[in-house]
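The primary structure of each chain is shown beneath.
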Amino acid sequence: MSDQGVMVPRALASGPSAFIPAKEILREGPNQDSFVESFLSLGRVDHITMVMAMHPAYLRCFLKTQHALFELDGPLPRHWRHYIAVMAAARHHCSYMVQQHSTGFLEAGGEESWLSGLEHAPTKLRSLQTLNKLLAHRPWLITQEHIQELVCPGADPRWSLAELIHAVVLMAHAHSLCSFVWGCGLNPEPDHTGGYTFQPQSPAHLPQSPHSPAHEDGRQELVDGAMEVEVLMKRMVELQQQQEEEEEEECTQEEMVTRFERERSESIPTAVVTGAPPDLLLHLVEEPEFRYEDFAPRGEQAPPTMRAQDYSWEDHGFSLVNRLLPDMGQLLDEKFQIVSNLTYHRMAMHEGVDTHTLRKALWNYIHCLYGIRYDDYDYGSVNVLLERSLKVFVKTMACHPEQTTVRVYHNFWRHFKHSEKVHANLIVIEARLQAALLYTLRAITHYMR
(Lines give C-alpha, C1' and ligand atoms only; values in the text may rest on other atoms or scores of the structure.)
Protein backbone atom coordinates (compact mmCIF):
# COMPACT_ATOMS: atom_id res chain seq x y z
CA MET A 1 0.00 0.00 0.00
CA SER A 2 2.81 2.40 0.81
CA ASP A 3 4.11 1.82 -2.75
CA GLN A 4 0.82 3.29 -3.98
CA GLY A 5 1.19 6.42 -1.87
CA VAL A 6 -1.10 5.28 0.97
CA MET A 7 0.28 6.25 4.38
CA VAL A 8 0.54 3.12 6.54
CA PRO A 9 0.90 3.58 10.30
CA ARG A 10 3.71 1.75 12.11
CA ALA A 11 3.55 0.68 15.75
CA LEU A 12 6.12 2.58 17.79
CA ALA A 13 6.63 0.00 20.54
CA SER A 14 8.23 -3.41 20.10
CA GLY A 15 6.10 -5.08 22.77
CA PRO A 16 3.40 -4.59 25.41
CA SER A 17 5.74 -3.13 28.07
CA ALA A 18 8.55 -0.59 28.18
CA PHE A 19 9.92 -2.30 31.33
CA ILE A 20 9.64 -6.00 30.42
CA PRO A 21 11.19 -7.49 27.25
CA ALA A 22 8.54 -8.98 24.94
CA LYS A 23 10.32 -12.35 24.87
CA GLU A 24 9.99 -12.56 28.70
CA ILE A 25 6.24 -11.96 28.47
CA LEU A 26 5.82 -14.62 25.78
CA ARG A 27 8.09 -17.10 27.57
CA GLU A 28 6.18 -16.77 30.85
CA GLY A 29 2.82 -16.43 29.13
CA PRO A 30 -0.16 -18.78 29.22
CA ASN A 31 -1.73 -21.25 26.85
CA GLN A 32 -3.88 -19.86 24.06
CA ASP A 33 -7.13 -20.21 26.07
CA SER A 34 -6.52 -17.01 28.05
CA PHE A 35 -5.91 -15.02 24.88
CA VAL A 36 -9.02 -16.46 23.20
CA GLU A 37 -11.07 -15.57 26.30
CA SER A 38 -9.70 -12.03 26.21
CA PHE A 39 -10.35 -11.67 22.48
CA LEU A 40 -13.97 -12.82 22.88
CA SER A 41 -14.48 -10.46 25.84
CA LEU A 42 -12.65 -7.35 24.56
CA GLY A 43 -12.44 -7.86 20.79
CA ARG A 44 -8.63 -7.73 21.04
CA VAL A 45 -5.74 -9.07 23.10
CA ASP A 46 -4.56 -5.86 24.71
CA HIS A 47 -1.31 -5.12 26.51
CA ILE A 48 -2.90 -5.47 29.95
CA THR A 49 -3.99 -9.02 29.07
CA MET A 50 -0.60 -9.95 27.60
CA VAL A 51 1.29 -8.92 30.74
CA MET A 52 -1.31 -10.31 33.17
CA ALA A 53 -1.15 -13.58 31.23
CA MET A 54 2.10 -14.28 33.06
CA HIS A 55 -0.34 -15.31 35.83
CA PRO A 56 -3.17 -17.18 34.03
CA ALA A 57 -5.23 -18.04 37.14
CA TYR A 58 -5.45 -14.37 38.07
CA LEU A 59 -6.09 -13.25 34.48
CA ARG A 60 -9.11 -15.56 34.12
CA CYS A 61 -10.68 -14.16 37.28
CA PHE A 62 -9.83 -10.57 36.30
CA LEU A 63 -11.43 -10.91 32.85
CA LYS A 64 -14.58 -12.44 34.35
CA THR A 65 -14.91 -9.58 36.85
CA GLN A 66 -14.20 -6.89 34.27
CA HIS A 67 -16.72 -8.41 31.85
CA ALA A 68 -19.42 -8.41 34.57
CA LEU A 69 -18.62 -4.80 35.52
CA PHE A 70 -18.81 -3.39 32.01
CA GLU A 71 -20.93 -5.77 29.93
CA LEU A 72 -23.45 -7.78 31.97
CA ASP A 73 -26.84 -6.51 33.14
CA GLY A 74 -26.58 -3.98 35.95
CA PRO A 75 -28.06 -0.75 37.29
CA LEU A 76 -25.94 1.56 35.07
CA PRO A 77 -26.15 1.88 31.26
CA ARG A 78 -23.08 0.51 29.46
CA HIS A 79 -21.88 3.82 28.03
CA TRP A 80 -22.06 5.39 31.54
CA ARG A 81 -19.87 2.60 32.91
CA HIS A 82 -17.13 3.37 30.39
CA TYR A 83 -17.43 7.12 30.98
CA ILE A 84 -17.05 6.60 34.76
CA ALA A 85 -13.88 4.58 34.02
CA VAL A 86 -12.63 7.45 31.81
CA MET A 87 -13.22 9.95 34.67
CA ALA A 88 -11.42 7.63 37.10
CA ALA A 89 -8.40 6.94 34.87
CA ALA A 90 -7.92 10.64 34.14
CA ARG A 91 -7.21 11.23 37.86
CA HIS A 92 -4.00 9.21 37.46
CA HIS A 93 -3.11 10.82 34.08
CA CYS A 94 -3.50 7.36 32.49
CA SER A 95 -4.03 8.05 28.79
CA TYR A 96 -3.85 4.28 28.10
CA MET A 97 -6.99 3.61 30.18
CA VAL A 98 -8.73 6.81 29.07
CA GLN A 99 -8.32 5.82 25.41
CA GLN A 100 -9.41 2.21 26.06
CA HIS A 101 -12.63 3.28 27.76
CA SER A 102 -13.30 6.20 25.42
CA THR A 103 -13.46 3.61 22.65
CA GLY A 104 -15.75 1.41 24.78
CA PHE A 105 -17.93 4.44 25.55
CA LEU A 106 -18.41 5.31 21.86
CA GLU A 107 -19.00 1.68 20.88
CA ALA A 108 -21.73 1.48 23.57
CA GLY A 109 -23.51 4.46 21.97
CA GLY A 110 -22.07 7.32 24.06
CA GLU A 111 -22.12 10.91 22.77
CA GLU A 112 -18.71 12.01 21.53
CA SER A 113 -19.17 15.51 22.99
CA TRP A 114 -18.94 14.08 26.54
CA LEU A 115 -15.30 13.17 25.85
CA SER A 116 -14.42 16.77 25.01
CA GLY A 117 -15.01 17.89 28.61
CA LEU A 118 -16.79 17.02 31.86
CA GLU A 119 -19.14 19.97 31.41
CA HIS A 120 -20.79 18.11 28.49
CA ALA A 121 -21.63 15.03 30.61
CA PRO A 122 -24.94 14.74 32.52
CA THR A 123 -25.09 16.43 35.94
CA LYS A 124 -25.63 13.05 37.59
CA LEU A 125 -22.27 11.75 36.32
CA ARG A 126 -20.49 15.00 37.22
CA SER A 127 -21.83 14.68 40.79
CA LEU A 128 -19.42 11.72 41.23
CA GLN A 129 -16.35 13.94 40.96
CA THR A 130 -15.80 14.45 44.71
CA LEU A 131 -16.11 10.73 45.40
CA ASN A 132 -13.85 10.01 42.41
CA LYS A 133 -10.99 12.22 43.64
CA LEU A 134 -11.25 10.90 47.22
CA LEU A 135 -11.36 7.26 46.09
CA ALA A 136 -8.32 7.85 43.87
CA HIS A 137 -6.14 9.75 46.32
CA ARG A 138 -7.42 9.81 49.95
CA PRO A 139 -10.24 7.29 50.48
CA TRP A 140 -9.98 7.58 54.29
CA LEU A 141 -11.66 11.00 54.02
CA ILE A 142 -14.90 9.48 52.61
CA THR A 143 -17.79 9.87 55.07
CA GLN A 144 -21.49 9.08 55.18
CA GLU A 145 -22.14 12.75 54.32
CA HIS A 146 -20.55 12.17 50.89
CA ILE A 147 -22.92 9.25 50.38
CA GLN A 148 -25.91 11.17 51.67
CA GLU A 149 -25.34 14.00 49.18
CA LEU A 150 -25.77 11.49 46.34
CA VAL A 151 -28.51 9.12 47.53
CA CYS A 152 -30.77 10.92 50.02
CA PRO A 153 -34.37 11.62 48.83
CA GLY A 154 -33.67 15.36 48.37
CA ALA A 155 -30.54 14.81 46.26
CA ASP A 156 -30.73 16.19 42.75
CA PRO A 157 -29.94 14.22 40.72
CA ARG A 158 -30.39 11.22 43.00
CA TRP A 159 -28.39 7.98 42.83
CA SER A 160 -29.92 4.71 44.01
CA LEU A 161 -27.65 2.70 46.33
CA ALA A 162 -27.34 -0.02 43.67
CA GLU A 163 -26.24 2.53 41.06
CA LEU A 164 -23.80 4.11 43.48
CA ILE A 165 -22.19 0.78 44.45
CA HIS A 166 -21.78 -0.01 40.74
CA ALA A 167 -20.15 3.38 40.14
CA VAL A 168 -17.86 3.01 43.18
CA VAL A 169 -16.62 -0.43 42.09
CA LEU A 170 -16.05 0.90 38.55
CA MET A 171 -14.01 3.86 39.83
CA ALA A 172 -11.96 1.79 42.29
CA HIS A 173 -11.35 -0.85 39.58
CA ALA A 174 -10.12 1.80 37.13
CA HIS A 175 -7.90 3.54 39.73
CA SER A 176 -6.20 0.28 40.71
CA LEU A 177 -5.79 -0.77 37.07
CA CYS A 178 -3.98 2.54 36.43
CA SER A 179 -1.45 1.33 39.03
CA PHE A 180 -0.95 -1.81 36.96
CA VAL A 181 -0.57 0.10 33.67
CA TRP A 182 2.00 2.51 35.13
CA GLY A 183 3.70 -0.10 37.35
CA CYS A 184 4.33 -2.47 34.42
CA GLY A 185 5.30 0.34 32.05
CA LEU A 186 2.63 -0.58 29.50
CA ASN A 187 3.09 0.89 26.04
CA PRO A 188 0.16 2.50 24.19
CA GLU A 189 -1.85 0.12 22.02
CA PRO A 190 -0.89 0.38 18.32
CA ASP A 191 -4.11 2.31 17.59
CA HIS A 192 -3.75 4.71 20.55
CA THR A 193 -2.40 8.24 20.33
CA GLY A 194 1.33 7.79 20.92
CA GLY A 195 1.21 4.16 19.82
CA TYR A 196 1.90 4.64 16.10
CA THR A 197 3.65 6.86 13.59
CA PHE A 198 3.53 7.36 9.84
CA GLN A 199 7.30 7.99 9.73
CA PRO A 200 9.49 5.14 8.41
CA GLN A 201 11.95 3.72 10.93
CA SER A 202 15.43 5.15 10.61
CA PRO A 203 18.27 2.70 11.39
CA ALA A 204 20.27 5.61 12.78
CA HIS A 205 17.52 6.46 15.26
CA LEU A 206 16.56 3.10 16.72
CA PRO A 207 14.94 3.63 20.12
CA GLN A 208 17.05 2.89 23.13
CA SER A 209 15.74 -0.16 24.97
CA PRO A 210 14.21 0.93 28.25
CA HIS A 211 14.30 -2.65 29.51
CA SER A 212 17.63 -2.47 31.26
CA PRO A 213 18.96 0.86 32.47
CA ALA A 214 22.67 1.36 32.01
CA HIS A 215 24.86 0.21 34.86
CA GLU A 216 28.54 0.94 35.10
CA ASP A 217 29.30 -2.61 36.17
CA GLY A 218 26.77 -5.25 35.08
CA ARG A 219 28.62 -8.05 36.87
CA GLN A 220 28.56 -6.16 40.16
CA GLU A 221 24.81 -5.63 39.65
CA LEU A 222 24.29 -9.39 39.33
CA VAL A 223 26.35 -10.10 42.45
CA ASP A 224 24.44 -7.49 44.48
CA GLY A 225 21.10 -8.83 43.22
CA ALA A 226 22.00 -12.40 44.15
CA MET A 227 23.07 -11.24 47.63
CA GLU A 228 19.69 -9.51 48.08
CA VAL A 229 17.87 -12.79 47.39
CA GLU A 230 19.99 -14.72 49.89
CA VAL A 231 19.48 -12.06 52.57
CA LEU A 232 15.71 -12.09 52.00
CA MET A 233 15.59 -15.91 52.14
CA LYS A 234 17.47 -15.87 55.44
CA ARG A 235 15.20 -13.18 56.89
CA MET A 236 12.07 -15.13 55.93
CA VAL A 237 13.34 -18.25 57.71
CA GLU A 238 14.39 -16.27 60.81
CA LEU A 239 11.06 -14.45 60.91
CA GLN A 240 9.15 -17.74 60.74
CA GLN A 241 11.18 -19.12 63.66
CA GLN A 242 10.74 -15.89 65.61
CA GLN A 243 6.97 -15.93 65.11
CA GLU A 244 6.76 -19.52 66.32
CA GLU A 245 8.70 -18.58 69.45
CA GLU A 246 6.58 -15.46 70.05
CA GLU A 247 3.39 -17.52 69.95
CA GLU A 248 4.36 -18.77 73.39
CA GLU A 249 5.10 -15.27 74.78
CA GLU A 250 2.74 -12.91 72.96
CA CYS A 251 3.57 -9.29 72.16
CA THR A 252 1.48 -6.73 74.05
CA GLN A 253 -1.23 -4.90 72.09
CA GLU A 254 0.52 -1.59 72.87
CA GLU A 255 3.74 -2.86 71.27
CA MET A 256 1.82 -4.05 68.18
CA VAL A 257 0.20 -0.61 67.80
CA THR A 258 3.58 1.09 68.23
CA ARG A 259 5.08 -1.03 65.43
CA PHE A 260 2.15 -0.18 63.14
CA GLU A 261 2.51 3.57 63.85
CA ARG A 262 6.24 3.38 63.20
CA GLU A 263 5.64 1.75 59.81
CA ARG A 264 2.81 4.13 58.91
CA SER A 265 4.79 7.28 59.66
CA GLU A 266 8.05 6.12 58.05
CA SER A 267 9.20 8.60 55.44
CA ILE A 268 9.49 6.86 52.08
CA PRO A 269 10.56 9.44 49.49
CA THR A 270 8.76 9.21 46.17
CA ALA A 271 9.34 11.49 43.21
CA VAL A 272 6.05 13.37 43.36
CA VAL A 273 5.68 15.80 40.49
CA THR A 274 2.76 18.16 40.95
CA GLY A 275 2.39 18.98 37.26
CA ALA A 276 -0.95 19.13 35.49
CA PRO A 277 -2.30 16.12 33.56
CA PRO A 278 -1.33 15.96 29.87
CA ASP A 279 -3.45 18.05 27.49
CA LEU A 280 -5.19 14.91 26.26
CA LEU A 281 -6.74 14.46 29.74
CA LEU A 282 -6.86 17.95 31.29
CA HIS A 283 -10.49 18.55 30.28
CA LEU A 284 -11.52 15.33 32.07
CA VAL A 285 -10.05 16.20 35.49
CA GLU A 286 -11.60 18.47 38.08
CA GLU A 287 -9.21 19.84 40.76
CA PRO A 288 -6.07 18.25 39.22
CA GLU A 289 -4.01 19.64 42.11
CA PHE A 290 -5.80 17.30 44.57
CA ARG A 291 -3.34 14.42 45.11
CA TYR A 292 -2.39 11.66 47.53
CA GLU A 293 -1.03 12.84 50.85
CA ASP A 294 0.41 10.55 53.50
CA PHE A 295 -2.32 9.15 55.73
CA ALA A 296 -0.31 10.39 58.70
CA PRO A 297 2.05 13.25 57.72
CA ARG A 298 4.74 13.79 60.35
CA GLY A 299 3.75 16.26 63.00
CA GLU A 300 0.08 16.36 61.95
CA GLN A 301 -2.99 14.85 63.57
CA ALA A 302 -3.87 11.71 61.61
CA PRO A 303 -7.44 10.58 60.92
CA PRO A 304 -8.52 7.62 63.09
CA THR A 305 -6.99 4.36 61.90
CA MET A 306 -9.44 1.86 60.45
CA ARG A 307 -9.11 -1.34 62.46
CA ALA A 308 -9.72 -4.32 60.18
CA GLN A 309 -11.51 -6.00 63.08
CA ASP A 310 -14.12 -3.18 63.10
CA TYR A 311 -14.82 -3.17 59.37
CA SER A 312 -13.43 -5.87 57.06
CA TRP A 313 -14.12 -7.14 53.57
CA GLU A 314 -14.91 -10.67 54.81
CA ASP A 315 -17.36 -9.67 57.57
CA HIS A 316 -18.91 -6.49 56.19
CA GLY A 317 -17.93 -5.31 52.68
CA PHE A 318 -18.52 -8.59 50.84
CA SER A 319 -22.16 -9.00 51.91
CA LEU A 320 -23.00 -5.31 51.27
CA VAL A 321 -21.68 -5.42 47.68
CA ASN A 322 -23.43 -8.74 47.01
CA ARG A 323 -26.72 -7.39 48.36
CA LEU A 324 -26.70 -4.21 46.26
CA LEU A 325 -24.89 -5.54 43.17
CA PRO A 326 -25.66 -9.29 42.95
CA ASP A 327 -22.67 -11.57 42.18
CA MET A 328 -20.14 -8.70 42.16
CA GLY A 329 -19.17 -9.35 45.79
CA GLN A 330 -18.48 -12.97 44.88
CA LEU A 331 -16.39 -12.03 41.84
CA LEU A 332 -14.31 -9.50 43.79
CA ASP A 333 -13.85 -11.98 46.64
CA GLU A 334 -12.56 -14.64 44.24
CA LYS A 335 -10.07 -12.13 42.83
CA PHE A 336 -8.86 -11.13 46.32
CA GLN A 337 -8.53 -14.81 47.28
CA ILE A 338 -6.62 -15.75 44.13
CA VAL A 339 -4.09 -12.94 44.52
CA SER A 340 -3.66 -13.65 48.26
CA ASN A 341 -2.99 -17.34 47.67
CA LEU A 342 -1.14 -17.10 44.35
CA THR A 343 2.25 -18.78 44.67
CA TYR A 344 4.60 -20.86 42.55
CA HIS A 345 6.77 -21.82 45.55
CA ARG A 346 9.80 -20.14 44.06
CA MET A 347 11.78 -16.97 44.59
CA ALA A 348 14.35 -15.81 42.04
CA MET A 349 16.60 -18.86 41.54
CA HIS A 350 15.20 -20.84 44.51
CA GLU A 351 12.48 -23.51 44.27
CA GLY A 352 10.28 -24.93 47.03
CA VAL A 353 9.98 -21.59 48.91
CA ASP A 354 7.05 -20.69 51.15
CA THR A 355 6.44 -17.03 50.23
CA HIS A 356 3.37 -16.55 52.43
CA THR A 357 5.06 -14.17 54.90
CA LEU A 358 6.41 -11.99 52.06
CA ARG A 359 3.04 -11.79 50.28
CA LYS A 360 1.27 -10.95 53.52
CA ALA A 361 3.84 -8.24 54.36
CA LEU A 362 3.24 -6.62 50.95
CA TRP A 363 -0.57 -6.67 51.34
CA ASN A 364 -0.50 -5.34 54.90
CA TYR A 365 2.06 -2.63 54.05
CA ILE A 366 -0.26 -1.25 51.33
CA HIS A 367 -3.19 -1.26 53.76
CA CYS A 368 -0.91 0.44 56.30
CA LEU A 369 -0.24 3.25 53.77
CA TYR A 370 -4.03 3.64 53.60
CA GLY A 371 -4.41 3.69 57.39
CA ILE A 372 -5.83 0.16 57.85
CA ARG A 373 -4.46 -1.84 60.79
CA TYR A 374 -4.72 -5.54 61.62
CA ASP A 375 -4.58 -6.07 65.38
CA ASP A 376 -3.12 -9.57 65.04
CA TYR A 377 -0.30 -8.63 62.62
CA ASP A 378 3.22 -7.71 63.73
CA TYR A 379 4.23 -4.76 61.53
CA GLY A 380 7.86 -5.32 62.50
CA SER A 381 7.75 -8.02 59.77
CA VAL A 382 7.25 -5.37 57.09
CA ASN A 383 10.57 -3.71 57.85
CA VAL A 384 12.34 -7.07 57.94
CA LEU A 385 11.01 -8.30 54.58
CA LEU A 386 10.47 -5.20 52.45
CA GLU A 387 13.70 -3.41 51.65
CA ARG A 388 13.60 0.30 50.91
CA SER A 389 13.65 0.16 47.09
CA LEU A 390 10.67 -2.23 47.17
CA LYS A 391 8.80 0.13 49.50
CA VAL A 392 9.50 3.02 47.10
CA PHE A 393 8.05 0.99 44.22
CA VAL A 394 4.99 -0.15 46.21
CA LYS A 395 4.21 3.30 47.59
CA THR A 396 4.67 4.97 44.20
CA MET A 397 2.42 2.43 42.51
CA ALA A 398 -0.28 2.41 45.18
CA CYS A 399 -0.39 6.14 45.92
CA HIS A 400 0.71 8.08 42.82
CA PRO A 401 1.27 5.52 40.04
CA GLU A 402 1.76 8.20 37.37
CA GLN A 403 5.20 8.81 38.93
CA THR A 404 6.44 5.24 38.30
CA THR A 405 9.65 5.20 36.25
CA VAL A 406 11.80 2.47 34.74
CA ARG A 407 14.37 3.17 37.46
CA VAL A 408 11.84 2.66 40.25
CA TYR A 409 10.81 -0.63 38.59
CA HIS A 410 14.35 -1.94 38.09
CA ASN A 411 15.73 -0.88 41.48
CA PHE A 412 13.82 -3.46 43.51
CA TRP A 413 14.23 -7.27 43.43
CA ARG A 414 17.04 -6.96 40.89
CA HIS A 415 17.61 -10.73 40.66
CA PHE A 416 13.93 -11.71 40.46
CA LYS A 417 12.11 -12.68 37.28
CA HIS A 418 9.82 -10.14 35.64
CA SER A 419 6.88 -12.46 36.31
CA GLU A 420 7.63 -12.15 40.05
CA LYS A 421 7.61 -8.36 39.80
CA VAL A 422 4.27 -8.53 37.97
CA HIS A 423 3.05 -10.80 40.80
CA ALA A 424 4.02 -8.08 43.31
CA ASN A 425 2.18 -5.62 41.09
CA LEU A 426 -1.01 -7.71 41.27
CA ILE A 427 -0.83 -7.75 45.08
CA VAL A 428 -0.50 -3.95 45.08
CA ILE A 429 -3.50 -3.33 42.82
CA GLU A 430 -5.80 -5.72 44.69
CA ALA A 431 -4.78 -4.46 48.15
CA ARG A 432 -5.28 -0.90 46.96
CA LEU A 433 -8.68 -1.77 45.45
CA GLN A 434 -9.85 -3.43 48.65
CA ALA A 435 -8.66 -0.53 50.83
CA ALA A 436 -10.53 2.05 48.72
CA LEU A 437 -13.67 -0.09 48.71
CA LEU A 438 -13.56 -0.62 52.49
CA TYR A 439 -13.62 3.10 53.29
CA THR A 440 -16.49 3.73 50.86
CA LEU A 441 -18.51 0.69 51.93
CA ARG A 442 -18.09 1.68 55.58
CA ALA A 443 -19.49 5.14 54.76
CA ILE A 444 -22.45 3.52 52.94
CA THR A 445 -23.05 1.20 55.92
CA HIS A 446 -23.11 4.20 58.29
CA TYR A 447 -25.54 6.00 55.98
CA MET A 448 -27.88 2.97 55.88
CA ARG A 449 -28.11 2.70 59.69
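The paragraphs below set out a description of the structure included in this document. All values derive from a computational prediction rather than experimental measurement.

1. A few points about the overall build of the protein chain
Then comes step 1: Check the secondary structure of the protein chain and you find 20 helices and six strands.
Then comes step 2: Per-residue burial for the protein chain yields a buried fraction of 53% across its 449 residues.
Then comes step 3: Across the protein chain, contacts joining residues at least 24 apart in sequence account for 77% of those joining residues at least 6 apart.
Then comes step 4: With the model as given, the accessible surface of the protein chain reaches about 20,600 Å², and the carbon-plus-sulfur share is 51%.

2. Quick look at the pattern of salt bridges
Then comes step 1: By the definition in use, this model includes 11 salt bridges.
Then comes step 2: The salt bridge partner of K124 is E163, with a shortest N-O separation of 2.9 Å. Here E163 lies in helix 10 (residues 161–183) and K124 lies in helix 7 (residues 123–126), a separation of 39 residues in the sequence. Across this residue pair, the class does not change: K124 and E163 are buried.
Then comes step 3: Its salt-bridge partner being E287, residue K133 comes within 2.5 Å of it at the nearest N-O pair. Taken together, the positions of K133 in helix 8 (residues 129–137) and E287 in the loop between helix 13 (279–282) and strand 3 (306–307) put the pair 154 residues apart, joining distant regions of the chain.
Then comes step 4: Assessed through its relative accessible area of 34%, E287 is described here as partly exposed.
Then comes step 5: Among the charged side chains, a salt-bridge network with shared partners connects R307, D310, R373 and D375.

3. Details of the nonpolar core
Then comes step 1: Among the nonpolar cores identified, the biggest contains 135 residues, and I48, M52, Y83, M97, L128, W159 and F180 are the most heavily contacted of them.
Then comes step 2: Top contributing element to this core by residue count: helix 20 (residues 418–448), with 16 residues.
Then comes step 3: Sequence-distant contacts of I48, defined by excluding residues within four places in its chain, comprise F62, Y96, M97, L177, F180, V181 and L186.

4. Focus: the packing of aromatic side chains
Then comes step 1: In total, this model carries 17 aromatic pairs according to the counting rule given.
Then comes step 2: Each ring, one from F393 and one from Y409, has its centre 6.3 Å from the other, and the planes form 70°; the classification is edge-to-face. A residue pair is termed long-range when its members are at least 10 positions apart, and F393 in helix 18 (residues 388–399) and Y409 in helix 19 (residues 406–411) qualify at 16 residues.
Then comes step 3: The exposure class of F393 is buried, given its relative accessible area of 0%.
Then comes step 4: Ring centres of F412 and W413 lie 5.5 Å apart, and the angle between their planes is 50°; this geometry places the pair in the tilted category.
Then comes step 5: By relative accessible area, F412 is classed as buried at 0%.
Then comes step 6: Take W413: its relative accessible area is 7%, and that puts it in the buried class.
Then comes step 7: Of the aromatic side chains, those joined through ring pairs into one cluster are F19, F393, Y409, F412, W413 and F416.
Then comes step 8: The aromatic ring of W159 is capped on one face by K124, whose charged end is 5.1 Å from the ring centroid.
Then comes step 9: The side chain of K133 reaches across the aromatic face of F290, ending 4.8 Å from its centre.

5. Describing the environment of D354
Then comes step 1: Along the chain, D354 turns up in the loop between strand 5 (350–351) and helix 16 (356–369).
Then comes step 2: A distance of 3.0 Å separates a polar atom in the side chain of D354 from the backbone nitrogen of H356.

6. Overview of the packing of helix 14 (residues 313–324) against helix 15 (residues 328–341)
Then comes step 1: The interhelical angle for the contact between helix 14 and helix 15, taken along N-to-C directions, is 140°, at an axis separation of 7 Å. Overall, the two elements helix 14 and helix 15 adopt an arrangement that is oblique. Contact residues: helix 14 offers W313, F318, V321 and N322, while helix 15 offers M328, G329, Q330, L332, D333 and F336.
Then comes step 2: Split by residue class, the contact of helix 14 with helix 15 holds six nonpolar, three polar and one charged.

7. With respect to the environment of V237
Then comes step 1: Structurally, V237 can be placed in helix 11 (residues 218–246).
Then comes step 2: Separated by 117 residues in sequence, V237 and D354 have C-alpha atoms that sit 9.4 Å apart.

8. Looking at the side chain of H101
Then comes step 1: In this fold, H101 is placed in helix 6 (residues 95–107).
Then comes step 2: On the basis of relative accessibility, which here comes to 8%, the residue H101 falls in the buried class.
Then comes step 3: Residues within four places of H101 in sequence aside, it is in contact with F70, H82, A85 and V86.

9. Some words on helix 4 (residues 56–70)
Then comes step 1: Given a rise of 1.5 Å per residue, 15 residues ought to cover 21 Å, and the 21 Å separating the end C-alpha atoms of helix 4 matches this to within 8%.
Then comes step 2: Along helix 4, the residues that are buried comprise Y58, L59, C61, F62, L63, T65, Q66, A68, L69 and F70.

10. Concerning helix 6
Each α-helix winds once per 3.6 residues, and so residues spaced three or four apart point in a common direction.
Then comes step 1: Between its first and last C-alpha atoms helix 6 spans 18 Å; for 13 residues at 1.5 Å apiece the expected length is 18 Å, and the two agree.
Then comes step 2: All of the buried residues along helix 6 are Y96, M97, V98, Q99, Q100, H101, S102, G104 and F105.
Then comes step 3: On its buried face, helix 6 is in contact with helix 3 (47–52), helix 4, helix 5 (78–91), helix 10 and helix 13.
Then comes step 4: Where helix 6 terminates, the next one or two residues include G109, which has phi positive at roughly 100°.

11. Describing the packing of helix 8 against helix 10
Then comes step 1: Relative orientation of the contacting elements helix 8 and helix 10 amounts to 40°, with a least axis distance of 10 Å. With respect to helix 10, the axis of helix 8 lies oblique. Where helix 8 crosses over helix 10, the handedness of that crossing is right-handed. On helix 10, the residues that touch L131, N132, L135 and A136 of helix 8 are L164, V168, M171 and H175.
Then comes step 2: For the contact of helix 8 with helix 10, a count of residues per class yields six nonpolar, two polar and no charged.

12. Here we look at the side chain of K421
Then comes step 1: Relative to the assigned elements, K421 resides in helix 20.
Then comes step 2: For the buried K421, which has no salt bridge, the nearest side chain bearing the opposite charge is E228, at an N-O separation of 8.2 Å.
Then comes step 3: The contacts of K421, once residues within four sequence positions are left out, are Y409, H410, F412 and W413.

Cut-offs and rules
- Residues numbered from 1 in each chain as written.
- Predicted model: local features only at pLDDT ≥ 70, side-chain atom pairs only at ≥ 80, totals over all residues.
- Heavy atoms only, no water.
- Helix = DSSP H or I, 4+ residues; strand = E, 2+ residues; numbered from the N terminus.
- Buried < 20%, exposed > 50% of the residue type's maximum accessible area, 1.4 Å probe, protein only.
- Contact = heavy atoms within 4.5 Å.
- Areas by Shrake-Rupley, 256 points an atom, 1.4 Å probe, with all protein chains shown as cover.
- Salt bridge = Lys/Arg side-chain N within 4 Å of Asp/Glu carboxyl O.
- Core = buried A, V, L, I, M, F, W, Y, C linked by side-chain atoms within 4.5 Å.
- Phe/Tyr/Trp six-rings, centres within 6.5 Å; stacked < 30°, edge-to-face > 60°.
- Lys NZ or Arg CZ within 6 Å of the ring centre and 35° of its normal.
- Polar contact = N/O pair within 3.5 Å; in protein donor to acceptor, adjacent residues only side chain to side chain.
- Axes fitted to C-alpha atoms, helices over the stretch in contact; angles between N-to-C directions.
- Parallel < 35°, antiparallel > 145°, perpendicular 65-115°, else oblique.
- Nonpolar A, V, L, I, M, F, W, Y, C, P; charged D, E, K, R; others polar.
- Expected span 1.5 Å × (residues − 1).
- Left-handed = near helix turned anticlockwise from the far one by under 90°.
- Lys, Arg positive; Asp, Glu negative; His and termini not counted.

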